[in-house]
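Coordinates in review
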Amino acid sequence: MSAALASALLVPAARAQSTDLSACMAELRPAARSGKVSDATWARHTAGLQADFSVIEKLNFQPEFRTAIWDYLSALVDEERVADGAARLAQHRQVLERAEQRFGVDAATVVAVWGVESNFGQTFGKYPLVQALGTLSCHGRRQSYFRGEFLAALRILQAGHIAPERLVGSWAGAFGHTQFMPSTFERLAVDFDGDGRADLMDSSVDALGSTANFLARAGWQTGVPWGFEVKLPAGISLAGEGRRIKRSVSEWIARGVRRVDGSPLPADLGNLGLLTLAGGNGPAFLVTRNFDALYSYNAAESYGLAIAHLSDRLRGAGPFATPWPTDDAGLSRAERRELQGLLVMRGHDIGPVDGMLGDKSRDAIRAEQQRLGLEVNGRGGQKILKTLRAG
Ligand code: CA
């Protein structure tokens, strides 16, 4: 029995939520039928289906603090991921060339998406998808959205693309190398290795083709960069500017915007939007419509910038020219593991040394910051790492 279930049994029966989904499934059955889920598929996957309330906890979770953009990027685009990505580029060169020919999206961009989505196929999530989406279809907010995803997941199984026991993913239903939602899979997954199935769990070839197809359908323009870092003139107004507010190159030139190496802006990229994720004193970028295609993968500008930057690093570029506006820069995954090791050496129980700074790591960082007379914020940055290293 799980700890959650054991504690659920201790509360009065009227307050305990039943994990039995059968009544809800009966209610969903007509929609499943009209949604082309066969009776056999329905019976096979929904009989005895039990709710997993941990996904509802995830749905309702409000993070206690927002991750700063420099913390987010320093873990997602670190030397380790650049090296891993370079190895994948070499290893999958032929498939990536074929994807570029068919979909018009270059290899570095496709591999960068792969690296950010699933660490090149190493992090898929651990939730059985039918159970997670079944639970979300019957409990919590957004049930009608998740019902659509639930039926899509059942159709994917019905079509035999993925074996039922292999269909695991994030609590919200994203799965596989590319972390597609089931409805995204149905629209955009491709069988790129030609075995008759689009298998985004176990075929990196299908996953790379599907990622290229996603970006092509999101409006990717072949041969156009996502954008580039720029230097802003002192005092430029950022009010009203943003990724979607595209202006002509001549207008940006007139406002005094230059490339970071001082060279003039390229005149052949169409209209460009100004992206700043940490105000006017951090790195700034002019972005094309291809950045919007990257954005559409996960609907977050920080996420789009992670892919964009990783793709540039895979093409040989260095870190951003302008530092983030902080005196305590973020940590790579290797540095996070080192920090966790130093916390363990000082007797803190932080769970596994995995480079993920979760609640236990943050509590231990707070305790050490307190002891060392540093600002107590529970954040893993260069200051606490260097101080503990020296000690
Ligand atoms: Ca296939």
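Rules used throughout
- Residues numbered from 1 in each chain as written.
- Predicted model: local features only at pLDDT ≥ 70, side-chain atom pairs only at ≥ 80, totals over all residues.
- Heavy atoms only, no water.
- Helix = DSSP H or I, 4+ residues; strand = E, 2+ residues; numbered from the N terminus.
- Rg over C-alpha atoms; globule rule 2.2 N^0.38 Å.
- Buried < 20%, exposed > 50% of the residue type's maximum accessible area, 1.4 Å probe, protein only.
- Contact = heavy atoms within 4.5 Å.
- Areas by Shrake-Rupley, 256 points an atom, 1.4 Å probe, with all protein chains shown as cover.
- Lys, Arg positive; Asp, Glu negative; His and termini not counted.
- Charge placed at Lys NZ, Arg CZ, Asp CG, Glu CD.
- Salt bridge = Lys/Arg side-chain N within 4 Å of Asp/Glu carboxyl O.
- Pairing = 2+ DSSP bridges.
- Donors = N, O, S within 2.8 Å, 3.2 Å for Na, K, Ca; no water.
- Disulfide = S-S within 2.5 Å.
- Expected span 1.5 Å × (residues − 1).
- Polar contact = N/O pair within 3.5 Å; in protein donor to acceptor, adjacent residues only side chain to side chain.
- pLDDT = per-residue confidence, 0-100.
- Core = buried A, V, L, I, M, F, W, Y, C linked by side-chain atoms within 4.5 Å.

**Focus: the overall build of the protein**
- On a plain count of helices and strands, the protein comes out with 18 helices and six strands.
- Whereas a compact globule of 391 residues would reach a radius of gyration of roughly 21 Å, the protein reaches 23 Å, a difference of no more than 12%.
- If you line up the protein on its principal axes, its C-alpha atoms span 65 × 55 × 40 Å.
- Taking all 391 residues of the protein together, 48% fall into the buried category.
- For the protein, long-range pairs separated by at least 24 residues make up 68% of all intrachain contacts whose partners lie at least 6 apart in sequence.
- Accessible surface, the protein as shown: approximately 18600 Å² in total, 51% of it carbon and sulfur.
- Here the protein holds 44 positive side-chain charges and 42 negative ones, and the gap between their average locations is 3 Å.

**Focus: the pattern of salt bridges**
- Here the structure, examined in full by the defined rule, presents 28 salt bridges.
- Across the pair Glu-251 and Arg-247 runs a salt bridge, and its minimum N-O distance is 3.4 Å.
- With a closest N to O distance of 3.0 Å, Arg-315 and Asp-312 form a salt bridge.
- Judged by its relative accessible area of 44%, Arg-315 falls in the partly exposed class.
- Overlapping salt bridges bring together Glu-241, Arg-247, Glu-251 and Arg-255 as one network.

**Description of the sheet that holds strand β5 (residues 273-276)**
- Strand order across the open sheet formed by four strands is β4-β3-β6-β5, with antiparallel pairing between neighbours. What marks the edges here is a single partner per strand, and that holds for β4 (258-259) and β5.
- When β5 meets strand β6 (residues 284-287), the two strands line up antiparallel, connected through four bridges. By the bridge assignment, Leu-274 is partnered in β6 with Leu-286.

**Things to note about helix α18 (residues 382-390)**
- Of all the residues in α18, the buried ones are Gln-382, Ile-384, Leu-385 and Leu-388.
- Buried-residue contacts for α18 involve α16 (333-345) and α17 (359-372).

**Some words on the coordination of the calcium ion**
- All of the protein donors around the calcium ion are Asp-191 (OD), Asp-193 (OD), Asp-195 (OD), Arg-197 (O), Asp-206 (OD) and Asp-206 (OD); their distances to the metal are 2.2 to 2.8 Å.
- Each donor residue of the calcium ion lies on one chain, and together they are spaced D-x1-D-x1-D-x1-R-x8-D.

**Thoughts on the state of the cysteines**
- Scanning the entire structure with this criterion turns up one disulfide.
- Two residues share a disulfide in this structure: Cys-24 and Cys-138, whose sulfurs sit 2.0 Å from each other. Here the S-S torsion is close to -85°, and the disulfide linking Cys-24 with Cys-138 is therefore left-handed. Within this pair, whereas Cys-24 is found in helix α2 (residues 22-34), its partner Cys-138 is found in helix α9 (residues 129-138), the two being separated by 114 residues in sequence.

**Some points on the pairing of strand β3 (residues 227-231)**
- A large share of β3 lies buried, amounting to four of its five residues.
- For β3 and β4, the ladder comprises two bridges, and the chain directions are antiparallel. Residue Val-230 lies in a different strand from β4, and its bridge partner there is Arg-259.

**Digging into helix α8 (residues 107-118)**
- The end-to-end C-alpha separation of α8 is 17 Å, in line with the 16 Å expected for 12 residues at 1.5 Å each.
- Extensive coverage of α8 is indicated by the burial of 12 of its 12 residues.
- Buried within α8 are the following residues: Ala-107, Ala-108, Thr-109, Val-110, Val-111, Ala-112, Val-113, Trp-114, Gly-115, Val-116, Glu-117 and Ser-118.
- If you check the start of α8, you find a side-chain oxygen 3.3 Å away from the backbone N of Ala-108, and it comes from Asp-106.

**Brief notes about the confidence of the model for the protein**
- Summing up the model confidence of the protein, the mean pLDDT is 94 and the portion of residues at 70 or higher is 95%.
- Here residues 5-15 scores under 50 on pLDDT; set against residues more than four positions off or in separate chains, the count is four contacts.

**Focus: the side chain of Glu-241**
- Tracing the backbone through its elements, the reader meets Glu-241 in the loop between β3 and α13 (249-254).
- Accessibility expressed as a relative area gives 17% for Glu-241, which makes it buried.
- Within the structure, Glu-241 has its side chain in polar contact with the side chain of Arg-247 (distance 2.9 Å).
- Of note is the side chain of Glu-241, whose polar atom sits 2.7 Å from the side chain of Arg-255.
- In contact with Glu-241, other than residues within four places in its own chain, are Arg-247, Trp-252, Arg-255 and Leu-274.

**Focus: the nonpolar core**
- Of all hydrophobic cores here, the largest spans 86 residues; its most connected members are Trp-42, Phe-150, Phe-185, Leu-215 and Leu-305.
- Ignoring sequence-local partners within four residues, the contact set of Leu-215 consists of Val-105, Thr-109, Val-113, Trp-220, Ala-293, Leu-294 and Tyr-297.
- If you look at the next biggest cluster of nonpolar residues, it comprises 13 residues, including Val-257, Leu-265, Leu-269 and Leu-272.

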